[in-house]
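# Descriptive analysis of the structure
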Amino acid sequence: MDSGFKTLTKFALSALLAATVQGVAANAESIAKGKFLIGVGGCNDCHTPGYSESGGRLPQATWLTGNGVGFKGPWGTSYPQNLRSSAAKMSAEEWIQMARRPMLPPMPAPAIATMSDSDLIAMYDFIKSLGAAEGEAPHALPPGVEPATPYIDFVPKNL
Ligand code: HEC
């Protein structure tokens, strides 16, 4: 091997290593930021069964796995989806697009639609780091259809 080539190879390898180390660090930072945003966003309250009732003391392994208890209101019945299986199937770009589309109440869609790309990617990185989780929440039902699952009645009374 001629020495010019050796130097070039060494240079390329150390550049690659630096980029990888930087990539891992950036990802760890993004994952930590995503965990923080999921915490302050209250996402587990709906997307993790029993989370709110437990006072937030459920292990991370149970987080964001979706909820089979629906929210029934004038919009029909909506179910907090399994965000871990959603993230596992999507690229970061697809995740951003999904997070900004209209969603049924009581999903705080207008709130997450105001988050920056890097905020949404951080949440995606954190959710992906939890790994995919088995199980799907049911699909939303249109108004007038009685759900076969348990549900919370979100119809205002005594207006
Ligand atoms: C008050 C309950 C509630 C809270 C809090 C909540 N969600 Fe949701 N989320 C829902 C419901 C219900 C749906 C289903 C909406 C629909 O069917 O259009 C949903 C759907 C979603 C979806 C679409 C998933 C898919 O695969 O279609 C994403 C992404 C999402 N939520 C992210 C979040 C994030 C991130 C947070 C925290 C910032 C959060 N949610 C907080 C109830 C909630």
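The following refers to the structure shown.

The rules behind each value
Residues numbered from 1 in each chain as written. Predicted model: local features only at pLDDT ≥ 70, side-chain atom pairs only at ≥ 80, totals over all residues. Heavy atoms only, no water. Core = buried A, V, L, I, M, F, W, Y, C linked by side-chain atoms within 4.5 Å. Buried < 20%, exposed > 50% of the residue type's maximum accessible area, 1.4 Å probe, protein only. Helix = DSSP H or I, 4+ residues; strand = E, 2+ residues; numbered from the N terminus. Contact = heavy atoms within 4.5 Å. Salt bridge = Lys/Arg side-chain N within 4 Å of Asp/Glu carboxyl O. Phe/Tyr/Trp six-rings, centres within 6.5 Å; stacked < 30°, edge-to-face > 60°. Donors = N, O, S within 2.8 Å, 3.2 Å for Na, K, Ca; no water. Tetrahedral: all angles 85-135°; square planar, octahedral: opposite > 155°, others 65-115°. Near = heavy atom within 4 Å. Polar contact = N/O pair within 3.5 Å; in protein donor to acceptor, adjacent residues only side chain to side chain. Nonpolar A, V, L, I, M, F, W, Y, C, P; charged D, E, K, R; others polar. Axes fitted to C-alpha atoms, helices over the stretch in contact; angles between N-to-C directions. Parallel < 35°, antiparallel > 145°, perpendicular 65-115°, else oblique. Left-handed = near helix turned anticlockwise from the far one by under 90°. Pairing = 2+ DSSP bridges.

### Regarding the nonpolar core
Residues Ile-38, Leu-64, Trp-95, Leu-120 and Ile-127 are the most contacted members of the largest nonpolar core, which totals 20 residues. Secondary structure elements with two or more residues in this core: α1 (3-41), α3 (83-89), α4 (92-99) and α6 (117-130). If one sorts the elements of this core by residue count, α6 sits on top with six residues. The contacts of Leu-64, once residues within four sequence positions are left out, are Ile-38, Cys-43, Asn-44, His-47, Thr-48, Gln-81, Asn-82, Leu-83, Arg-84, Ile-127 and Leu-130.

### Let's talk about the pattern of salt bridges
Summed over the entire model, instances satisfying the criterion amount to five salt bridges. The salt bridge partner of Lys-33 is Asp-119, with a shortest N-O separation of 3.1 Å. Taken together, the positions of Lys-33 in helix α1 and Asp-119 in helix α6 put the pair 86 residues apart, joining distant regions of the chain. Measuring nitrogen to oxygen at the nearest pair gives 4.0 Å for the salt bridge that ties Lys-89 to Glu-136.

### Regarding the packing of aromatic side chains
Enumeration according to the criterion identifies five aromatic pairs in this entry. Aromatic side chains Trp-75 and Phe-154 sit 6.1 Å apart centroid to centroid with 75 degrees between the ring planes, which places their arrangement in the edge-to-face category. In this pair, Trp-75 sits in the loop between β1 (70-73) and β2 (76-78) while Phe-154 sits in the segment after β3 (151-153), placing the two residues 79 residues apart along the sequence. Considering the side-chain rings of Trp-95 and Tyr-124, the 5.9 Å spacing of their centres and the 45 degrees angle between planes classify their relative orientation as tilted. In this pair, Trp-95 sits in helix α4 while Tyr-124 sits in helix α6, placing the two residues 29 residues apart along the sequence. Judged on exposure class, the residue Trp-95 and its partner Tyr-124 are both buried. Through pairs of rings, three or more aromatic residues link up here, namely Tyr-51, Trp-63 and Phe-126.

### A closer look at the coordination of the iron atom of the ligand
For the iron atom of the ligand, the full set of protein donor atoms is His-47 (NE2) and Met-107 (SD), at a range of 2.0 to 2.1 Å. Each of the six donor atoms bound to the iron atom of the ligand contributes to angles spanning 89 to 179 degrees, and the resulting shape is octahedral. Of the two residues, His-47 sits in helix α2 (residues 43-47) while Met-107 sits in the loop between α4 and α5 (109-113), which places them 60 residues apart along the sequence.

### Topic: the site of the ligand
Near the ligand lie 21 residues; those nearest to it are Cys-43, Cys-46, His-47, Ser-86 and Met-107. Arg-101 has a polar side-chain atom sitting 3.1 Å from an oxygen atom of the ligand. Separating an oxygen atom of the ligand from a backbone N or O atom of Leu-104 is a distance of 2.9 Å. No other element matches α2, which puts three residues into the shell around the ligand. Of the residues in the shell around the ligand, the class split is 14 nonpolar, six polar and one charged.

### A few points about the packing of α4 against α6
Across the interface, α4 lies against α6 with an axial gap of 10 Å and an inter-helix angle of 115 degrees. By the angle between their directions, the pair α4 and α6 is classed as roughly perpendicular. Note that α4 runs across α6; the crossing there is right-handed. Residue-level inspection shows Ala-92, Trp-95, Ile-96 and Ala-99 of α4 in contact with α6, the latter providing Asp-117, Leu-120, Ile-121, Tyr-124 and Ile-127. By residue class, the composition of the contact of α4 with α6 is eight nonpolar, no polar and one charged.

### Side note on the sheet that holds β1
Strand order in this open sheet of three strands is β2-β1-β3, and the pairing throughout is mixed. The open sheet has two edge strands with one neighbour each: β2 and β3. Averaged over all pairs of adjacent strands, the angle between their axes in this sheet comes to 30 degrees, without regard to strand direction. Sheet topology note: the β1/β2 ladder contains three bridges and is antiparallel. Within β2, the position partnered with Gly-73 by the bridge is Gly-76.

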